[in-house]
Amino acid sequence: MRYHFSILILFFLFFWFKHFLPHSFISENKHHSFQQFVYASNHEKQYFKIRNREFIHPLPGEITSILVAATSDMHGTLGIFCDFDCDQVKGLLHLVPVIKELRVRDPQMLLLDGGDTYQGSMMQFYLNHVQPSVPFQDPLLQLMNKLRYDAMTLGNHDLEMPLDKLSWRMRKASFPFLGANIQWKTETLGEFSKSTNSITTPFQNLHPYHVQERNGVRLGILGMTTPGVPIWLDPLQIKDFRIKEILSSSRKWISVLRDKEKVDLLIGLFHSGADKDYDDRTAIKLGLPSPNASGQVAKVLKQFDLLIAGHTHQTIPKYALDELPRFSVPIIFPGAYAKGVSVVKIKLIENQQRWQIYDMKFDFKSARINQDPMSIKEEIGLSDEMLESVRNYRSQPSKVILKEIPEKVVRNDCLSKLSHVALQQPGKESKFSLLPGSWHTADIKREDLGKPILRKHLFQWMRYDNLPVLANLYGLQIRIMLNPMLRKFQERRIRSSTYLVPGGFEAVPVVEDGPVRLSLKEWNGSTIREDELYKVWMTNYHWNGGSDIRSRALLHDSQLLKREQRFLRDAVFDFLAAKHPKLPLSCKQFLEPI
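Since the structure is predicted, the reported quantities are computational estimates derived from the model, not experimental observations. (Residues numbered from 1 in each chain as written. Predicted model: local features only at pLDDT ≥ 70, side-chain atom pairs only at ≥ 80, totals over all residues. Heavy atoms only, no water.)

Visitor: Before we go on, may I ask you to explain the overall build of the protein in this structure?
Guide: What the protein contains, in helices and strands, is 17 helices and 27 strands. Counting only residues that meet the buried cut, the protein has 56% of its 594 residues in that class. In the form shown here, the protein has an accessible surface area of approximately 27200 Å², with 52% of it arising from carbon and sulfur atoms. (Helix = DSSP H or I, 4+ residues; strand = E, 2+ residues; numbered from the N terminus. Buried < 20%, exposed > 50% of the residue type's maximum accessible area, 1.4 Å probe, protein only. Areas by Shrake-Rupley, 256 points an atom, 1.4 Å probe, with all protein chains shown as cover.)

Set out below in structure tokens:
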């Protein structure tokens, strides 16, 4: 009886260790016993460990303050080359004067970034996908080092680049990257090292949190990445790790930061929006946690003192405020593209030998034109060779000229048809396509008329790094995916990213006795049958689950035929750069072959 009871006790202890302690700092490697560490090293190249600290005891009546500044969703906007919205002042170089002034106000200011930092500009695309891996430099990262950023959280777009280049950035950063809910799968971890008391992972500078002491106050910064990453990224890109639910992950790490690290202020640095309903239905259907959980955390976990939320590109507040009453815990949203920096002034007073907040003020400082941004180019690795390489890449000409600046409807129709044509292979069976029907505006000026369309124009029109995917789809699935198009015909409101247009076949609204429906026909007049299979090009964003397309159409992995490695935008440019490209009719209204 005693033997069986002992077995039950051992089983209970094993179950408790396995399911209730944070997996990202408890190892189950067969070569060692349980160790309290994280599978990462800090920016000083020492392995991250949870520390049992003593409380800081301020003097009776002591008063102090903390200044927190934050950016988010910079999307590679350095401020050298402008890709879009060029009438706006933006880019980290144009925030340098603002950040310097804030440092004068408080030399111990905490400077943070909420992620989606190294993807989205043409310069970053060149560094991530065009420039060879070695030698590799990133002026944006080096400027963040120069400005003395304290930490940043990984965003979903940061995980899109080749992971060796993300790993390089982590090694070169003078600050840690955060992601407390990123869990490496056991089979991808390296062997346990007794000398370093750690397990090697692909990212050796990824921490769950970061602790700093400023002005006599111990601050804990907990980083969380949106669990919606699998909705948007290819499975192979993220095969080695999973991203766990934010609320439960926060609960686990709060106890570590409050009880062991004994922080006085707890800041959540989340790449996750506050509107839980946004993309929540898509995530549930795919078996994923809510992508936007910052608002939920701010309502439930009052152990936080401040949340900084990126991902949704919101700017809250846009001007000075004394309070943010929407949630139990105040949340600031630092906007996007380095158009400004969110600022929080936190005042504290001693209360029973502990620090207590007695006032918080919030503000947003807009970027200002830096009159001499190139004065520090050598300090941030922005060489003349790099500038020339990026400039040449942006200016590569196509074999078509711009006759006039197109209207939005004409531009969208042209780009959708160009995308379809660019994916067809000469001499082979023509495929259908269901590709985006809504595109952005390019920064085209009157002086560009009569000149070739450049690679940068395609980047401006097609801003997302979509890869083509070929799938075998039933006619019924095609019809379901075109439902937003039907709603658009009916002048009903739709989410622009759900709007797909047919390529290689036509979809015409038919009004009969019943509700309006789409008639789907091939160019030869044959009806597209709902029970037949058709080869269809899509973007990887929609195939993976973006905008709920995958769930609504019940797409299955077995229907996938091919994943292209050439970006859709590059395919379109290559088509336009070929000799005598045969342009779709709508394109001929504003484009002409040379």
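Visitor: Could you clarify how one ought to interpret the confidence of the model for the protein in this entry?
Guide: The predicted coordinates should not be examined in detail at positions where pLDDT is low. Mean pLDDT for the protein: 88, with 89% of residues reaching 70 or above. In the model, residues 5-46 has pLDDT below 50 throughout and makes 93 contacts with residues more than four positions away in sequence or in other chains. (pLDDT = per-residue confidence, 0-100. Contact = heavy atoms within 4.5 Å.)

Visitor: What am I meant to see in unusual backbone geometry here?
Guide: With glycine set apart, most residues show a phi of negative sign, and most peptide bonds adopt trans. Residue Pro-317 follows Ile-316 across a cis peptide bond; omega there is -5°. Assignment of secondary structure puts Pro-317 in the loop between β14 (315-316) and β15 (331-334). The phi angle at Ala-338 is positive, at roughly 55°, despite the residue not being glycine. Of note, Ala-338 is situated in the loop between β15 and β16 (340-351). A positive phi angle, near 50°, is found at His-580, a position not held by glycine. Position of His-580 relative to the elements: it lies in the loop between α17 (568-577) and β27 (591-593). Taking the relative accessible area as the measure of exposure, His-580 reaches 65% and is therefore exposed.

Visitor: How do you make sense of a nonpolar patch on the surface when you look at a structure like this?
Guide: A cluster of nonpolar side chains, contributed by Tyr-474, Leu-476 and Leu-533, occupies part of the molecular surface with about 260 Å² of accessible area. Secondary-structure assignment places Leu-476 in helix α13 (residues 475-481). Given the relative accessible area of 39%, Leu-476 is considered partly exposed. (Patch = residues over 30% accessible without salt bridge, like charges linked within 9 Å, V, L, I, M, F, W, Y side chains within 5 Å. Salt bridge = Lys/Arg side-chain N within 4 Å of Asp/Glu carboxyl O.)

Visitor: Quick question: what am I supposed to make of the pattern of salt bridges here?
Guide: When the charged atoms of two side chains with opposite charge come close together, those side chains can pair. For the structure on display, the rule yields 27 salt bridges. Salt-bridge contacts for Asp-280 lead to Lys-276; the nearest nitrogen and oxygen are separated by 3.2 Å. What makes Lys-276 partly exposed here is its relative accessible area of 32%. Between Lys-365 and Asp-363 there is a salt bridge; the shortest N-O distance is 3.3 Å. In this structure Asp-363 comes out as buried when scored by relative accessible area, which is 19%. Within the structure, one salt-bridge network assembled from shared partners comprises Asp-322, Asp-359 and Lys-361.

Visitor: Mind showing me how you'd approach the pairing of strand β17 (residues 354-366) here?
Guide: Successive side chains on a regular strand alternate, one facing one side of the sheet and the next facing the other. Pairing geometry for β16 and β17, over 12 bridges, is antiparallel. Counterpart to Ile-349 in the pairing with β17 is Gln-356. Counted along the chain from β16 to the antiparallel partner β17, the turn is two residues long, and its residue Gln-352 has a positive phi close to 55°. (Pairing = 2+ DSSP bridges.)

Visitor: Explain the nonpolar core here, please?
Guide: The nonpolar side chains of a soluble globular protein tend to be buried, and buried together. Judged by nonpolar contacts, the single largest core of 64 residues is most densely connected at Leu-92, Tyr-118, Leu-143, Leu-159, Phe-175 and Phe-177. No other element matches the five residues that helix α3 (residues 122-130) contributes to this core. Excluding its chain neighbours within four sequence positions, the residues that come into contact with Leu-159 are Leu-154, Leu-166, Phe-203, Val-229, Leu-233, Gln-237, Phe-241 and Ile-243. (Core = buried A, V, L, I, M, F, W, Y, C linked by side-chain atoms within 4.5 Å.)

Visitor: In this structure, what is going on with the environment of Ala-293? I would like to understand it.
Guide: Here Ala-293 shows up in the loop between α8 (280-285) and α9 (294-300). Taking C-alpha positions, Ala-293 is 9.8 Å from Tyr-278, a pair spaced 15 residues apart along the chain. Excluding residues within four positions of it along the chain, Ala-293 makes contact with Ile-246, Ser-272 and Gly-273.

Visitor: Hey, could you run me through the sheet that holds strand β21 (residues 468-474) in this one?
Guide: The strands making up a sheet are joined through hydrogen bonds of the backbone, oriented either antiparallel or parallel. With mixed pairing, five strands are arranged side by side in an open sheet as β22-β19-β25-β21-β26. Every interior strand has two partners, whereas the edge strands, β22 (500-503) and β26 (560-563), have only one. On average, each strand axis in the sheet is inclined to that of its neighbour by 25°, with strand direction left out of account. Taken together, the four bridges between strand β19 (residues 432-436) and β22 define a ladder with antiparallel strand orientation. If you follow Pro-436 over to β22, its bridge partner there is Leu-500. (Axes fitted to C-alpha atoms, helices over the stretch in contact; angles between N-to-C directions.)

Visitor: Which parts of the structure should I look at to understand the environment of Leu-257?
Guide: Looking at where Leu-257 falls in the secondary structure, it is placed in helix α7 (residues 246-260). Judged by its relative accessible area of 0%, Leu-257 is buried. In this structure the C-alpha to C-alpha distance between Leu-257 and Ile-50, which are 207 residues apart in sequence, comes to 8.7 Å. Excluding anything up to four places from it in sequence, Leu-257 contacts Tyr-209, Val-211, Gly-220, Leu-222, Lys-262, Val-263 and Leu-266.

Visitor: Could you clarify how one ought to interpret helix α11 (residues 408-422) in this entry?
Guide: Residue pairs spaced three or four apart in an α-helix point in one direction, given the helix's 3.6 residues per turn. For α11, spanning 15 residues, the distance from its first C-alpha to its last is 21 Å, which sits close to the expected 21 Å at 1.5 Å a residue. For α11, the full list of buried residues reads Val-410, Arg-411, Asn-412, Cys-414, Leu-415, Ser-416, Leu-418, Ser-419, His-420 and Ala-422. The inward-facing, buried residues of α11 abut β19, α12 (455-461), β22, α17 and β27. (Expected span 1.5 Å × (residues − 1).)

Visitor: Explanation requested: the state of the cysteines in the structure shown.
Guide: By definition, a disulfide links the sulfur atoms of two cysteine residues through a covalent bond. This structure, assessed with the given rule, holds two disulfides. Disulfides within the protein link the bonded cysteines, taken in sequence order, as 1-2, 3-4. (Disulfide = S-S within 2.5 Å.)

Visitor: Got a minute to help me understand the packing of aromatic side chains in this structure?
Guide: The geometry of an aromatic ring pair is captured by two quantities: the separation of the ring centres and the angle between the planes. Going through the model one piece at a time under the given rule, you end up with 14 aromatic pairs. Taking 5.1 Å as the distance between ring centres and 70° as the angle between the ring planes, the aromatic pair formed by Trp-184 and Phe-241 counts as edge-to-face. Linking Trp-184 in strand β5 (residues 182-184) with Phe-241 in strand β11 (residues 241-243), this pair joins segments that are 57 residues apart in sequence. Phe-241 shares its class with Trp-184; the two are buried. Judged by centre distance (6.4 Å) and plane angle (80°), the ring pair of Trp-461 and Phe-590 falls under edge-to-face. (Phe/Tyr/Trp six-rings, centres within 6.5 Å; stacked < 30°, edge-to-face > 60°.)

Visitor: So what exactly am I meant to see when it comes to the sheet that holds strand β4 (residues 177-178) here?
Guide: Strand order in the open sheet made by the seven strands is β8-β4-β3-β2-β1-β16-β17, with mixed pairing throughout. In this open sheet, the two edge strands, each paired with only one partner strand, are β8 (206-207) and β17. Sheet topology places strand β1 (residues 63-71) next to β16; eight bridges connect them, and they run antiparallel. Within β16, the residue paired with Leu-67 across the bridge is Lys-345.

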